[in-house]
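Reading the structure
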Amino acid sequence: MTRPFRLALPSKGRMHGPALDLARDAGVEVDASGRALHTHCSRWDIEVLLARSDDIPAWTQDGAVEMAIAGRNQVVESGAEVEELAALGFGHCRLAVAVRDDGPVAEVADLAGRRVATSHPNTTRRYLAQLGVEAEITAIHGSVELAPRLDAADAIVDLVSTGDTLRANGLRPIATVVESEAVLLARPHLRDDHRATVDELATVIRSVVAARHRRYLMLNAPDDALETIIQLIPGMDSPTVLPLAMPGMHAVHAVVPADRVIDLLGPLRAAGARALLVLPIDNLIP
Ligand code: AMP
């Protein structure tokens, strides 16, 4: 019996909202309003499953789903053999080794013979083994940052985003184990027709992610300012320059990094640019 192509998205947690937004922007309608853990998306003829994100890498490896979104830290922790198709630009965090501000541990080597509490025991074990450090690893599931305070551990290995949680608990990071963000995954051994869907959906998702960091800039300029203006514009390719109906004027169009736009507007205006327009981009395929 053939079953539909399945895409798994996180059912809760920090990645749930951004993953659903990305799926929708890529044309995958997801009805997360009810309690249903799966919905059918007719545009792509796929079934969307909402699952715990720490289970998602194993579901993907075992072929329960063809494609999925999960945190890279969860992929590493699970040890699942899956294909990472793209980094998705949200859910950024790092898995870090942290110790008490006032404690005796200054570097990872000092953890030899000490106790390390973590919600990522497999990753921690592999990391310490690679460094030749033998420590006692305790797996705990929540509030890892409390362990040193309760004198249940000398160090922790935990996810850090802003660092506020560490600071509030008198801890400081001393090393990074994994740099993480949400990633797009594919199962191994895909059927040919499923491989085609994976490739198509991955192209659209990548185009949405790429477009989020870019803006479409349009401006008009007198011909004698064109050269300076073109020099000022950073971009993917050379800008498009089109003649206007008014003699002596051209329009310049370019795709520019979103975080450069504000700094560009003043210099462009000073160089002679007029009628500047900055527009969002939905999809971008380089
Ligand atoms: P922060 O105080 O911003 O450094 O966040 C740290 C807390 O949030 C820890 O309890 C982490 O386990 C959790 N955390 C941070 N980033 C993530 C993430 N991307 N996914 C899941 N949990 C996270």
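Provided above is the structure to which this section pertains.
Since the model is a prediction, treat every value here as computed from it, not as a measurement.

Observations regarding the site of the ligand
Taken together, Arg-14, Gly-91, Cys-93, Asp-158, Leu-159, Val-160, Ser-161, Thr-162, Gly-163, Asp-164 and Thr-165 make up the full set of residues adjacent to the ligand. Interatomic distance of 2.8 Å between a backbone N/O atom of Ser-161 and an oxygen atom of the ligand. For the ligand, the protein covers 76% of the area, taking 490 Å² as the surface of the free molecule. Residue assignment for the shell around the ligand shows that the elements contributing at least two residues are strand S9 (155-160) and helix H5 (164-168). The element contributing the most residues to the shell around the ligand is S9, with three residues. Its residues assigned to classes, the shell around the ligand shows three nonpolar, five polar and three charged.

Quick look at the sheet that holds strand S10 (residues 171-180)
The strands that make up a sheet pair up through hydrogen bonds in the backbone, lying either parallel or antiparallel. Reading across the sheet, the five strands line up as S8-S7-S9-S6-S10 and stay open at both edges, with mixed pairing between neighbours. For this open sheet the edge positions go to strand S8 (136-139) and S10, each flanked by a neighbour on one side alone. Looking at each pair of strands side by side, their axes are set apart by 25° on average, direction ignored. Both strand S7 (residues 115-118) and S8 contribute to a ladder of four bridges, which runs parallel. Bridge pairing in S8 links Ala-117 to Thr-138.

What counts and what doesn't
- Residues numbered from 1 in each chain as written.
- Predicted model: local features only at pLDDT ≥ 70, side-chain atom pairs only at ≥ 80, totals over all residues.
- Heavy atoms only, no water.
- Near = heavy atom within 4 Å.
- Polar contact = N/O pair within 3.5 Å; in protein donor to acceptor, adjacent residues only side chain to side chain.
- Areas by Shrake-Rupley, 256 points an atom, 1.4 Å probe, with all protein chains shown as cover.
- Helix = DSSP H or I, 4+ residues; strand = E, 2+ residues; numbered from the N terminus.
- Nonpolar A, V, L, I, M, F, W, Y, C, P; charged D, E, K, R; others polar.
- Pairing = 2+ DSSP bridges.
- Axes fitted to C-alpha atoms, helices over the stretch in contact; angles between N-to-C directions.

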